[in-house]
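Letter by letter, the chains look like this.
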Amino acid sequence: MAKRKNNIAAAEPKLGASEWFKKELNKARKGKFLMLIMLPGLIYFIIFQYIPIGGLLIAFKDYSSRMGVIGSPWMDYAGFGHFVRFLNTPDVWRYIWNTIALSLLHIIWLFPLAIILALFINELRSLKFKKVVQTVSYLPHFVSVAAVAGMLTLFLSSQGTPSSAGSYMNEGIVNQILLKLGLIKNGISFLDKTECFRTIYIASDVWQGIGWSAIVYIAALSGVDQELYEAATIDGATRVQKMWYISVQLIKPTIVLLLVMQIGKIMSLGSDKALLLQREVTYPKSQILSTYIYNLGIGKGEFDYSAAIGLFNSGINVLLVIIANLVSKKLTDTSLW
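Residues numbered from 1 in each chain as written. Predicted model: local features only at pLDDT ≥ 70, side-chain atom pairs only at ≥ 80, totals over all residues. Heavy atoms only, no water.

Draft legend 1. The arrangement of the overall build of the chain in detail. Looking only at helices and strands, one finds 17 helices and zero strands in the chain. Its C-alpha atoms give the chain a radius of gyration of 26 Å, more than 25% over the compact-globule value 20 Å for 337 residues. Projected onto its principal axes, the C-alpha positions of the chain cover 90 × 75 × 40 Å. Taken across its 337 residues, the chain has 34% of its residues classed as buried. As displayed, the chain offers around 21,300 Å² of accessible surface, 67% of which is attributable to carbon and sulfur atoms. Across the chain, the 32 positively charged side chains and the 20 negatively charged ones have centroids separated by 6 Å. (Helix = DSSP H or I, 4+ residues; strand = E, 2+ residues; numbered from the N terminus. Rg over C-alpha atoms; globule rule 2.2 N^0.38 Å. Buried < 20%, exposed > 50% of the residue type's maximum accessible area, 1.4 Å probe, protein only. Areas by Shrake-Rupley, 256 points an atom, 1.4 Å probe, with all protein chains shown as cover. Lys, Arg positive; Asp, Glu negative; His and termini not counted. Charge placed at Lys NZ, Arg CZ, Asp CG, Glu CD.)

What follows is the structure in structure tokens.
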């Protein structure tokens, strides 16, 4: 087979640069309307993703707004002074660990639960009920992070007063339920508890993202040949067996690719929710790299130093996605490239 392919490749005439250009231009003319559809996305990435890359130069400079990016002097240590300062910061490893911990918990909980939700939705017999469940499950995705943080603050708040019949209404709904059940005697301010921060953060992530994350798997399951399920039913397979041996196996490439992409985002945890939920007392668990960058860049105006930390994050993410892709390719023969 390989020999036949080589013979076919050898039989094809090699095109010169001008012929190749004409051929590609002809293809572009035929697909001009498809290219117009792609144009808005292309413009978006050029403006907001590629042009700002030039600004990363300040990560290697002692940036001054008066002198500009080009005119600002280079940092010491051959331009890597900000990176040396970052790695020598006393609490930096705690920030890195907090970021990794939250990202791993996000993957451990949200990733399999989204797959399970998609499998159960796929098993629903009523098409109308299936659409209702799917719609209800991904609606929280469209709730803003600020609104989610406000809801959590409202639900988990506490006045800290002794329990009594009249004091229930002054507590958040969670504390009201716990007080009425007699599980606690005084209200608990959960957002002021360091040990509760990660649980609250991940639980709200799961509620907000599980339905949206399941859409990809539901789409993949919709392409599965129904004759496979019918054949399995004839052979006496249960619904759980059909889910595991047919559904999961056929969407495994999708699962692997999305997992590789999730691993590549471990160091890129957003700062929005963490900033809105964190309190000074919860800094040991809630201070992550993105909030640290925000406080330095926006709060203190250290744009060059915060840019260096952001570049460090991106470098680690690229390294992680390369490693995850290599492992995936070796173990499952599925990879991004």
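Resuming the write-up.
Draft legend 2. Structural detail: the confidence of the model for the chain. Summary statistics for the chain give a mean pLDDT of 86 and a share of 92% for residues scoring 70 or more. A low-confidence stretch, residues 1-11 (pLDDT under 50), is modelled with zero contacts involving residues beyond four sequence positions or located in other chains. (pLDDT = per-residue confidence, 0-100. Contact = heavy atoms within 4.5 Å.)

Draft legend 3. Fine view of unusual backbone geometry. Phi at A78 is positive, roughly 55°, even though this residue is not glycine. Relative to the elements of secondary structure, A78 occurs in the loop between α4 (68-71) and α5 (81-87). When its relative accessible area of 75% is taken as the criterion, A78 is described as exposed.

Draft legend 4. Region of the structure containing the nonpolar core. If you look at the biggest cluster of nonpolar residues, it comprises 51 residues, and the most contacted ones within it are F86, I200, Y201, Y217, L277 and I309. Per-element tally for this core: the top contributor is helix α6 (residues 92-123), with 13 residues. Core analysis: the next-biggest nonpolar cluster, separate from the first, contains five residues, I58, A59, F83 and A307 among them. (Core = buried A, V, L, I, M, F, W, Y, C linked by side-chain atoms within 4.5 Å.)

Draft legend 5. Focus on the environment of A232. When you line up the elements, A232 lands in helix α11 (residues 226-234). On the basis of relative accessibility, which here comes to 13%, the residue A232 falls in the buried class. When sequence neighbours within four positions are dropped, the list of residues in contact with A232 reads A237, K242 and I246.

Draft legend 6. Up close: the pattern of salt bridges. Under the defined criterion, the tally for this structure stands at five salt bridges. In this structure, the salt-bridge partner of R85 is E302, at a minimum N-O distance of 3.0 Å. With R85 in helix α5 and E302 in the loop between α16 (289-299) and α17 (303-332), this pair connects stretches of sequence that are 217 residues apart. (Salt bridge = Lys/Arg side-chain N within 4 Å of Asp/Glu carboxyl O.)

Draft legend 7. A look at the packing of aromatic side chains. Counting across every chain of the model gives twelve aromatic pairs. For the pair Y44 and F45, a centre-to-centre distance of 5.4 Å together with 85° between the ring planes defines the contact as edge-to-face. Taking relative accessible area as the criterion, F45 reaches 42% and is therefore assigned partly exposed. Seen in terms of ring centroids, Y138 and F142 are 6.2 Å apart; in terms of plane orientation they differ by 70°. Their pairing is edge-to-face. (Phe/Tyr/Trp six-rings, centres within 6.5 Å; stacked < 30°, edge-to-face > 60°.)

Draft legend 8. Quick peek at the side chain of K61. With respect to the secondary-structure elements, K61 resides in the loop between α3 (32-50) and α4. In this structure K61 is buried but unpaired, with D304 as the nearest side chain of opposite charge at 11 Å. Polar side-chain contacts of K61 include one of 2.7 Å to the backbone oxygen of I70. Each residue touching K61, except ones within four places of it in the same chain, is listed here: V69, I70, G71, S72, P73, W74, M75, H82 and D304. (Polar contact = N/O pair within 3.5 Å; in protein donor to acceptor, adjacent residues only side chain to side chain.)

Draft legend 9. Quick look at α3. Between its first and last C-alpha, α3 extends only 24 Å over 19 residues, short of the 27 Å set by a 1.5 Å rise per residue. Considering bend angle alone, the principal kink of α3 is centred on M38 and spans about 40°; proline P40 follows within four residues of it. (Expected span 1.5 Å × (residues − 1). Bend = angle between axes of the 7 residues up to and from the residue.)

Draft legend 10. Broad picture of the packing of α6 against helix α7 (residues 127-138). α7 packs onto α6 with a crossing angle of 160° between their chain directions and a minimal axis gap of 9 Å. Relative to α7, the element α6 is oriented roughly antiparallel. By crossing handedness, the relation of α6 to α7 is classed as right-handed. For the pair formed by α6 and α7, the contact residues are L117, I121 and N122 on the first element and K130, V133, Q134 and S137 on the second. In terms of residue class, the contact of α6 with α7 is built from three nonpolar, three polar and one charged. (Axes fitted to C-alpha atoms, helices over the stretch in contact; angles between N-to-C directions. Parallel < 35°, antiparallel > 145°, perpendicular 65-115°, else oblique. Left-handed = near helix turned anticlockwise from the far one by under 90°. Nonpolar A, V, L, I, M, F, W, Y, C, P; charged D, E, K, R; others polar.)

Draft legend 11. Representation of the side chain of T291 in the model. Relative to the elements of secondary structure, T291 occurs in helix α16. The exposure class assigned to T291 is buried, which follows from its relative accessible area of 0%. Of the polar contacts made by the side chain of T291, one reaches the side chain of Q287; its length is 2.8 Å. Beyond its immediate chain neighbours, meaning those up to four positions away, T291 contacts S271, A274, L275, Q278 and S286.

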